Amino acid sequence: MSRAQLTRTGILRMALGGGGADPLLPAEGGGGRRAPFLLRALRIGVVVCLYWFTSIAMVFLNKYLLDSPSLRLDAPLFVTFFQCALTAALCLGLSLGAACGPPCAGLPALRLDPKVSRSVLPLSAVFIGMVTSNNLCLKHVGVAFYNVGRSLTTVFNVLLSYLLLKQTTSLYALLACGVIIGGFWLGVDQEGAEGTLSWTGIFFGILASLCVSLNAIYTKKVLPVVDGSIWRLTFYNNINACVLFFPLMVLLGEFRTLYHFDKLGSPSFWGMMTLGGVFGFAIGYVTGLQIKFTSPLTHNVSGTAKACAQTVLAVIYFEETKSFLWWTSNLMVLGGSFAYTWVKGLEMRKVQEDPNVKSSERNETGV
């Protein structure tokens, strides 16, 4: 999955996987009654299409805000800061709407507790690294190459699971990671051959992949601080990020850039900025919907297919011509990601069906 896209996706997956009910997600039919097949199929189709649309639109919109020749705004941290601020505001607004009844009645009340904010701070630092490196990667590489440029998240998941959690990985999963690494390097080679390679973009793509993996680990550690509430965690995470972004923007001179920006008073510019923030907030919600109405395994498969569609759309939209080996690199990354997801799904099912496996071991196995 285009995991920045990820930007709140990892947190939502942790929350949903943890068993807590999401107050914004519709409740499933009670009493053990299942909806008719056609109705369920239609609902799943709508949710998957909504996820695809939101995720792809967010990437193209962020590319415009970060690297549009017509906009000429060289302030990637400000764009990211604004999206975090809008996310925090939307969380607070939804919380205030809890008194209005369904569908917001189950949302927890949000208030800023400095003690909790300090406890969430380590995650917020990783979160800043994740969203910033994602956007900087997108700024320096094309949308078509974006998926390959930040495709090493799965590899870092395996590496960090071994280094930090002492969890081993099966041979088949490691082979899938090898295919992803091969596709990544082939893609870098082909970008260089076409004269479009940005080593800065590659660096931030690798950093983004690492931060996505670290974000998932720190999310698990921090969730108990906010009583397992995904919405409290999102609120505190984005509030902390807004505060931490200020000195970074001062250090990099982005306030000076904004002062000389000729479209700072343009309603269309702020409309696009607001739309980008809304899509950034919505991606977490639609990701949760897709997981709820399908499964984590199906969600990952859908994310892989979405990345393929996104690449094809980018090549068509920007009227690019790519070589056979360039397309091969994308297919290797997508195929390796799909294979890894499939292998981990089979392993999880085998563990869950094995009565000799302890429950603690079952909880550690996931897709």
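Counting from 1, residues in each chain are numbered in the order their sequence is written. Per-residue local features of the predicted model are confined to residues with pLDDT of at least 70, and side-chain atom pairs are confined, for both listing and counting, to 80 or more; whole-chain, interface and lining totals are unaffected and use all residues. Side-chain numbers here rest on the full set of heavy atoms in the structure, without hydrogens or water.

- Under an unreviewed UniProt entry, the chain has the name FUCT1 protein and belongs to Anthoscopus minutus.
- UniProt positions are given in the numbering used here, feature names are shortened, and annotations may be inferred rather than shown by experiment. Listed under Subcellular location (unreviewed entry) in UniProt, the entry text for the chain is "Membrane".

## Comments concerning the overall build of the chain
Here comes step 1: Numbered from the N terminus, helices here are DSSP runs of H or I no shorter than four residues, and strands are runs of E no shorter than two. Helices and strands together make up the secondary structure of the chain, namely 14 helices and zero strands.
Here comes step 2: For the chain, the succession of helices and strands along the chain, N to C, is α-α-α-α-α-α-α-α-α-α-α-α-α-α.
Here comes step 3: Relative accessibility decides the category of a residue: with a 1.4 Å probe and only protein chains considered, values under 20% of the type maximum give buried, values over 50% give exposed, and everything between is partly exposed. Across the 367 residues in the chain, those meeting the buried criterion constitute 49%.
Here comes step 4: For the chain, the proportion of contacts with a sequence separation of at least 24, taken over those separated by at least 6, is 83%.
Here comes step 5: What sets the accessible areas is the Shrake-Rupley method with a 1.4 Å probe; for residues, cover comes only from the shown protein chains. Carbon together with sulfur atoms contributes 67% to the accessible area of the chain, which is approximately 17700 Å² in total. Whether two residues touch is decided by their heavy atoms; if any such pair falls within 4.5 Å, the residues are in contact.

## Examining the environment of Ile291
Here comes step 1: Note that Ile291 resides in helix α11 (residues 267–293).
Here comes step 2: For the pair Ile291 and Val47, spaced 244 residues apart in the sequence, the C-alpha separation amounts to 9.5 Å.

## Here's the deal with the nonpolar core
Here comes step 1: Here, the term nonpolar core denotes a set of buried Ala, Val, Leu, Ile, Met, Phe, Trp, Tyr and Cys residues that are joined through side-chain atoms within 4.5 Å. Ranked by size, the top nonpolar core spans 54 residues in total, and within it Leu73, Phe78, Phe145, Phe245 and Met273 carry the most contacts.
Here comes step 2: Setting aside residues no more than four positions away along its own chain, Phe145 makes contact with Gly187, Val188, Glu191, Ile202 and Trp326.
Here comes step 3: In terms of nonpolar packing, the next biggest core, distinct from the first, is built from 15 residues, Val116, Val120, Ile230 and Leu233 among them.

## Comments concerning the packing of helix α12 (residues 296–317) against helix α13 (residues 324–353)
Here comes step 1: Here α12 crosses α13 at 170 degrees, and the two axes come no closer than 9 Å. Relative to α13, α12 is oriented roughly antiparallel. Contact residues: Leu297, Asn300, Val301, Thr304, Ala307, Cys308, Thr311, Val312 and Val315 in α12; Trp326, Trp327, Asn330, Leu334, Ser337, Phe338, Thr341, Trp342 and Gly345 in α13. The axes used here are C-alpha line fits, helices contributing only the stretch in contact, and every angle between their N-to-C directions lies in the interval 0 to 180 degrees. If an angle is under 35 degrees, it is roughly parallel; if it is over 145, roughly antiparallel; if it lies from 65 to 115, roughly perpendicular; otherwise it is oblique.

## Regarding the UniProt feature "transmembrane region" (unreviewed entry) in the chain
Here comes step 1: UniProt's entry tags residues 41–65, 77–99, 120–138, 144–164, 171–188, 200–218, 230–249 and 269–289 with the feature "transmembrane region" (unreviewed entry), counted in the numbering of this structure.
Here comes step 2: Segment residues 41–65 splits into 100% helix and 0% strand. End C-alpha atoms: 36 Å apart.
Here comes step 3: Annotated as residues 200–218, this span is 100% helix and 0% strand, and its ends, taken at the C-alpha atoms, are 26 Å apart.

## As for the packing of helix α6 (residues 153–165) against helix α7 (residues 171–193)
Think of two packed helices as two axes; the pair is described by the angle between the axes and how far apart they sit.
Here comes step 1: Direction vectors running N to C along α6 and α7 enclose 140 degrees, while the axes themselves pass 9 Å from each other. On the basis of their axis angle, the class for α6 and α7 is oblique. For the pair α6 and α7, the sense of crossing is left-handed. In this structure, α6 contributes Thr154, Val155 and Val158 to the contact, and α7 contributes Leu174, Cys177, Ile180 and Ile181.
Here comes step 2: Its residues assigned to classes, the contact of α6 with α7 comprises six nonpolar, one polar and no charged. For a crossing to be left-handed, the near helix must be turned anticlockwise from the far one by less than a right angle; the clockwise case is right-handed. Side-chain classes are defined by residue name, with Ala, Val, Leu, Ile, Met, Phe, Trp, Tyr, Cys and Pro counting as nonpolar, Asp, Glu, Lys and Arg as charged, and the others, Gly among them, as polar.

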